[in-house]
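# Structural features, examined
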Amino acid sequence: MFEYDFMRNAFAAATVVALVSGLVGYFLVLRGQTFAGHALAHVGFTGATGAVLVGLAPLWGLVGMTVAAGILMGFIGEQLAQRDVAIGIVLAFSLALGLLFLHFYTSFATHATALLFGNVLAVDVATVWILAGLAAICLATLAIIARPLLFASLQPELAEAKGVSLKLYSVLFLAVVALATAECAQIVGVLLVFALMVGPAATAQKLVSGVAAGVLLSAALALAEAWGGLTLAFYTDWPTSFWITALSTLIYVLAAAPRRTSAWHSA
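Let me begin by describing the structure that accompanies this report. (Residues numbered from 1 in each chain as written. Predicted model: local features only at pLDDT ≥ 70, side-chain atom pairs only at ≥ 80, totals over all residues. Heavy atoms only, no water.)

### Overview of the overall build of the protein
Broken down by element type, the protein carries 12 helices and zero strands. What you see in the protein, going N to C, is helices and strands ordered as α-α-α-α-α-α-α-α-α-α-α-α. For the protein, buried positions account for 48% of its 267 residues. In the protein, the share of contacts with a sequence separation of at least 24, taken over all contacts with a separation of at least 6, comes to 76%. Put simply, the protein shows about 12,400 Å² of open surface, and 70% of that area lies on carbon and sulfur atoms. (Helix = DSSP H or I, 4+ residues; strand = E, 2+ residues; numbered from the N terminus. Buried < 20%, exposed > 50% of the residue type's maximum accessible area, 1.4 Å probe, protein only. Contact = heavy atoms within 4.5 Å. Areas by Shrake-Rupley, 256 points an atom, 1.4 Å probe, with all protein chains shown as cover.)

So, in structure tokens, the structure goes:
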């Protein structure tokens with residue numbers, strides 16, 4: 001399997017993206033902002049189609065649009081209820097723009113399919129390095145804001161009373177989520193971002209209670225699912241995105257099953 005260049009590139013890209021997705025995804029689930037990740041993925045598709053329309057690489061349109069949308073969501077939606085409305089508005093407008101761009105560039109259908117469902121086996125060395133650079137920015141920013149972000153996520157009223165700016169850290173975090181989402185879309189596509197961004201993090205939070213243990217487990221699960229999906233895709237010739245999503249779903253169901261069974265028995 002590793003004698004092929006495209007598989008080595010795929011594993012390298014999947015490793016980078018899985019680690020970022022697992023780490024960022026944990027805070028995304030903890031803060032109850034999974035809808036934001038879903039929305040940003042769709043916004044990214046609009047950015048990618050727009051980039052192709054003007055002659056740029058889809059990846060840069062994906063990154064630019066998701067980061068801009070993430071910052072906008074952070075600014076206009078501070079409280080949970082306001083945030084959901086803000087995300088919905090941004091998502092609706094971005095999808096309308098995407099439809100308009102596809103109307104003007106109908107030959108984009110093949111590239112659109114790759115963006116929607118991912119195509120990690122087509123990643124080249126240059127893209128791997130770009131993903132690694134974006135991952136470094138993403139993780140460095142997350143490391144800097146992690147402590148106040150955690151404080152603001154778990155005890156927002158107390159954090160604000162202590163002088164922590166909830167809006168500032170919301171904006172910074174959603175910008176990090178946007179970068180992670182843009183990277184994740186390169187592996188599983190914008191429609192299946194939940195597989196790596198949310199699945200491992202949600203599973204980790206069901207299995208362990210500590211934040212540090214949860215973050216590490218989330219990253220480990222994302223990595224295992226990405227590697228497992230690539231391996232199964234190589235030997236079955238089924239889509240990599242399908243296998244990664246299937247593994248993510250299966251592991252989450254297995255983690256949730258004991259608690260549901262206990263709840264049924266206690267009832």
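### A short note on the environment of Phe194
Looking at the secondary structure, you find Phe194 in helix H9 (residues 194-197). Sequence separation of Phe194 and Thr249 is 55 residues, and the distance between their C-alpha atoms is 9.8 Å. If we skip the residues at most four places from it in the chain, Phe194 touches Thr34, His38 and Gly199.

### Concerning a nonpolar patch on the surface
Residues Leu53, Val54, Leu56, Leu100 and Phe104 make up a contiguous nonpolar surface patch of roughly 490 Å² in combined accessible area. Along the polypeptide, Phe104 turns up in helix H4 (residues 80-104). A relative accessible area of 55% places Phe104 in the exposed class. (Patch = residues over 30% accessible without salt bridge, like charges linked within 9 Å, V, L, I, M, F, W, Y side chains within 5 Å. Salt bridge = Lys/Arg side-chain N within 4 Å of Asp/Glu carboxyl O.)

### Notes on the environment of Asp124
Mapped onto the elements, Asp124 comes out in the loop between helix H5 (109-117) and helix H6 (125-154). Here Asp124 falls in the partly exposed class, since its relative accessible area comes to 39%. Remark: the alpha-carbon pair of Asp124 and Arg8, spanning 116 residues in sequence, is separated by 9.6 Å.

### Concerning the nonpolar core
Core analysis: the biggest nonpolar cluster contains 68 residues, and Val24, Phe173, Ile187, Leu196 and Met197 have the highest contact counts within it. Those elements that provide at least two residues to this core are helix H1 (5-30), helix H2 (34-53), helix H3 (58-76), H6, helix H8 (166-188), H9 and helix H11 (211-236). Ignoring sequence-local partners within four residues, the contact set of Val24 consists of Cys138, Leu142, Phe173, Val176, Val177, Ala180 and Met197. (Core = buried A, V, L, I, M, F, W, Y, C linked by side-chain atoms within 4.5 Å.)

### Let's talk about the packing of helix H10 (residues 199-207) against H11
For the pair H10 and H11, interaxial distance at closest approach is 8 Å and the crossing angle is 135 degrees. In terms of their interaxial angle, H10 and H11 are classed as oblique. As H10 runs across H11, the sense of the crossing is right-handed. Residues Pro200, Ala201, Thr203, Ala204 and Leu207 of H10 lie in contact with H11, whose contacting residues are Gly214, Leu217, Ser218, Leu221, Ala222 and Glu225. For the contact of H10 with H11, the per-class residue count stands at seven nonpolar, three polar and one charged. (Axes fitted to C-alpha atoms, helices over the stretch in contact; angles between N-to-C directions. Parallel < 35°, antiparallel > 145°, perpendicular 65-115°, else oblique. Left-handed = near helix turned anticlockwise from the far one by under 90°. Nonpolar A, V, L, I, M, F, W, Y, C, P; charged D, E, K, R; others polar.)

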